[in-house]
Amino acid sequence: VIMMAYALLSFTALLSLWGLINSSTHQLINLSTKITTYAVLLLAIGIFLGAVWANVSWGRYWGWDPKEVWALITLLVYSVPLHHKSIKLLQNPKYYHLYMLLAFLTVLMTYFGVNYFLGGMHSYA
């Protein structure tokens, strides 16, 4: 479930790159927002299912492991553009797409950075 969310967020990063290169219209922002909505929903479901699995496996829902924390950070960072109509700066397509590109860094950190640079139960280092 989380991998599907990351795939959708990767697509929003590509849309944002396209939007910055081609001086995007608001239609591209609307498409990006719809995809981000589904991605955030999938990410929230994945975090919830992971917590249920962790409770069964280790007897606790949340352990503040770096992977768990970065998944939460990614969820919160991508929740911001879902409210872009109420955030004046994100109403500008240029800043919206720039935010979405920078937000993708949280996905990269969650997927790669935690595995190779931080410790914890989810680390492969």
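Above this text sits the structure in question.
Residues numbered from 1 in each chain as written. Predicted model: local features only at pLDDT ≥ 70, side-chain atom pairs only at ≥ 80, totals over all residues. Heavy atoms only, no water.

Student: Sorry, what's going on with the packing of helix α2 (residues 26-58) against helix α4 (residues 93-117) here?
Tutor: Packed helices, taken two at a time, are described by the angle between their axes plus the distance between the axes. Close contact between α2 and α4 brings their axes to 10 Å; oriented N to C, the two are set at 30 degrees. The interaxial crossing formed by α2 with α4 has left-handed handedness. The residues of α4 that touch α2, namely those facing H26, L28, I29, S32, T33 and T36, are P93, Y96, H97 and M100. Broken down by class, the residue content of the contact of α2 with α4 amounts to five nonpolar, five polar and no charged. (Axes fitted to C-alpha atoms, helices over the stretch in contact; angles between N-to-C directions. Helix = DSSP H or I, 4+ residues; strand = E, 2+ residues; numbered from the N terminus. Left-handed = near helix turned anticlockwise from the far one by under 90°. Contact = heavy atoms within 4.5 Å. Nonpolar A, V, L, I, M, F, W, Y, C, P; charged D, E, K, R; others polar.)

Student: Looking at this structure, I do not really get α2. What am I missing?
Tutor: Side chains that are three or four residues apart share a direction in an α-helix, a result of its 3.6 residues per turn. In a regular helix each residue adds 1.5 Å, so 33 residues correspond to 48 Å; α2 covers 46 Å between its end C-alpha atoms and thus fits that length. Once α2 finishes, G59 follows within two positions and takes phi at roughly 80 degrees, a positive value. (Expected span 1.5 Å × (residues − 1).)

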